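# Structural overview for review
Now for the letters of each chain:
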Amino acid sequence: MERFSTGNGIDRNKAMVEQLQRYGIFNSKRVAETMEKVDRALFVPDGTPAYVDSPMAIGYNVTISAPHMHAMCLQLLEKNLQPGMHALDVGSGTGYLTACFALMVGPEGRAVGVEHIPELVTSSIQNIEKSEAAGLLKQGSLSINVGDGRQGWPEFAPYDAIHVGAAAREIPQPLIDQLKPGGRMVIPVGNVFQDLKVVDKNLDGSLSIRNETSVRYVPLTSRDAQLQGS
Ligand code: SAH
C-alpha cells in the first residue's frame, strides 16, 4: 500500500483509506471521513510502516489491528455510532479505534476505551492528544481506562456500540449486559481461528448473532497470561 502513497502523513493516510474503499473493504462515507481525520501514523510506534494493510506489533505481545479490520468494524458499527451515542472499545490498545468512535459519536456522546496494560493506556492517551480527537479527550467525551475489559465499563453503560479488539473464548456476559437494546457488539470469538461475530440486542432483550468473517486476533485474556505470551 505504501508505494501508492506520496506526500505528507495525512495525504498518505487518505490514500490508504481510498485504497481500502477501492478494494471493496468498505463503502461508508462517514467511515471514510473519520479514518481520513485520524492519521494512523500517530498510533503506531516510530519506525513502523503506518499505512501498510497489516497488523503491527505495539509491544506487550499485542498488535494494532490492520487498517482493513478497523474499517470493517467501523462500518459494522456505523449505525450505532451516531452523534450522542455511547461506544465501548474493549482492548483499546493504541487508542486508534476509540479515537474514531469519539469523532463519530461527537461531544454529546461517549467513547470509552478499556485496556489492561497501563503502559498502553498511557501511550494511547499521548497518541490521541496528537490527533483530531484531542479536543474530545480534553472535553471528557473520550476516555481510556485501565481495567479488565471482560467486565466492560459499567459507568457509561448501556452502550449502543461495543467493539472487542481481542478474541474471547465466549462472549463475556457483562458485555452482553452492558449492550443497550437496539445496540450492536462486534467481537472475535474462538481460539486460534476465530469468527468475527456481530451481536445485535433486540428491543425485547433477545440476541441475534451472525458470523461476519474469519479472523485472527490476539486473545482477550488476563494481563499475566498475555505478558507470558500464553
Ligand atoms: N484495537 C486495538 C488493539 C488490538 S490488540 C488497536 O488496534 O490498537 C488487543 C488489545 O486488547 C491489546 O492491547 C491487549 O492488551 C488488550 N487486551 C487483551 N485482553 C484484555 C482484557 N482482558 N482487558 C483489557 N484489554 C485486554
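Look a little higher up for the structure.
Since the model is a prediction, treat every value here as computed from it, not as a measurement. (Residues numbered from 1 in each chain as written. Predicted model: local features only at pLDDT ≥ 70, side-chain atom pairs only at ≥ 80, totals over all residues. Heavy atoms only, no water.)

## Some remarks on the packing of aromatic side chains
On inspection of all chains with the given rule, the structure shows 1 aromatic pair. Ring geometry for phenylalanine 43 and tyrosine 96: centres 5.6 Å apart, planes at 90°, overall edge-to-face. Of this pair, phenylalanine 43 sits in the loop between helix 2 (29-37) and strand 1 (56-59) while tyrosine 96 is found in helix 4 (residues 96-105), placing the two residues 53 residues apart along the sequence. Taken individually, phenylalanine 43 and tyrosine 96 each receive the classification buried, so the pair is uniform in this respect. Sitting over the face of the ring of phenylalanine 156, arginine 110 holds its NZ or CZ atom 3.8 Å from the ring centroid. (Phe/Tyr/Trp six-rings, centres within 6.5 Å; stacked < 30°, edge-to-face > 60°. Helix = DSSP H or I, 4+ residues; strand = E, 2+ residues; numbered from the N terminus. Buried < 20%, exposed > 50% of the residue type's maximum accessible area, 1.4 Å probe, protein only. Lys NZ or Arg CZ within 6 Å of the ring centre and 35° of its normal.)

## Brief notes about the nonpolar core
Ranked by size, the top nonpolar core spans 50 residues in total, and within it Met35, Leu74, Leu81 and Leu196 carry the most contacts. Among the elements that line this core, the one with the most residues is helix 4, at 8 residues. Each residue touching leucine 81, except ones within four places of it in the same chain, is listed here: Arg30, Leu74, Ala87, Phe101, Met104, Val105 and Ala161. Formed by 20 residues, the second largest nonpolar core is a distinct cluster that contains Val114, Ile176, Leu179 and Val199. (Core = buried A, V, L, I, M, F, W, Y, C linked by side-chain atoms within 4.5 Å. Contact = heavy atoms within 4.5 Å.)

## Observations regarding unusual backbone geometry
Here the bond from alanine 157 into proline 158 is cis, since omega is 0°, no more than 30 degrees from zero. Looking at the secondary structure, you find proline 158 in the loop between strand 5 (142-146) and strand 6 (159-164). In this structure, tyrosine 60 is a non-glycine residue whose phi angle is positive, near 60°. Looking at the secondary structure, you find tyrosine 60 in the loop between strand 1 and strand 2 (62-64). Positive phi outside glycine occurs at asparagine 61, with the angle close to 65°. Structurally, asparagine 61 can be placed in the loop between strand 1 and strand 2.

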